[in-house]
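Here are the chains, one letter per residue:
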Amino acid sequence: MSESIALLTIFVLAAFVGVEVISKVSSTLHTPLMSGANAIHGVILVGAIIVTGATNSVIVMIVGLLAVVLATVNMVGGFVVTDRMLEMFKGPGARKKELHK
């Protein structure tokens, strides 16, 4: 078996395991899970910045810039979703007080 087929097999198996693990998480644990995922996206963003800054190739710089933009959008979007999920756990009185500030 070639190395690329082995890597593809590992990727597909990891995707199936990831879907099974995430689907078994209760809805009350999704907010902490999202916060942990946002931290990982921050590490990915830092890595993309480091790799893009260390290159001399134009093609690698373009791909790195795309990676930085996508990682930033993904991280910020994750924090927005987490914030909205946390808002759902507040009582109705707390929401009205924040609106009147």
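Quick summary incoming for the structure in this document. Everything numeric in this text was worked out from a predicted model, so none of it was measured. The numbering scheme is per chain: residues are counted from 1 as the chain's sequence reads. Under the rules for a predicted model, residues below a pLDDT of 70 receive no local features and side-chain atom pairs below 80 are neither given nor counted, while totals for whole chains, interfaces and linings still include all residues. As a convention, hydrogens and water are excluded, and side-chain values are obtained from all of the structure's heavy atoms.

A look at the nonpolar core
By convention a nonpolar core is built from buried Ala, Val, Leu, Ile, Met, Phe, Trp, Tyr and Cys residues, the set being connected through side-chain atoms within 4.5 Å. Buried, partly exposed and exposed residues are distinguished by accessible area as a fraction of the type maximum, computed with a 1.4 Å probe on protein chains only: under 20%, between the cut-offs, and over 50%, respectively. By size, the foremost hydrophobic cluster in this structure holds five residues: Leu45, Ala48, Val68, Ala71 and Met75. The secondary structure listing takes helices from DSSP runs of H or I that are at least 4 residues long and strands from runs of E that are at least 2 residues long, numbered from the N terminus. Taken together, the elements giving at least two residues each to this core come down to α2 (30-53) and α3 (58-88). Take this core: its biggest share by element is three residues, from α3. Not counting chain neighbours up to four residues away, the residues in contact with Met75 comprise Asn38, His41, Gly42 and Leu45. Here, two residues are considered to be in contact whenever any of their heavy atoms come within 4.5 Å of each other.

So, the side chain of Thr55
Looking at the element boundaries, Thr55 is found in the loop between α2 and α3. A relative accessible area of 15% places Thr55 in the buried class. Under the rule applied, a polar contact is a pair of N or O atoms within 3.5 Å (in protein, one hydrogen donor and one hydrogen acceptor; residues adjacent in sequence only if both atoms are side-chain atoms). Polar contacts involving the side chain of Thr55 include one to the main-chain amide nitrogen of Ser57, which spans 3.2 Å. Ignoring sequence-local partners within four residues, the contact set of Thr55 consists of Val60 and Met61.

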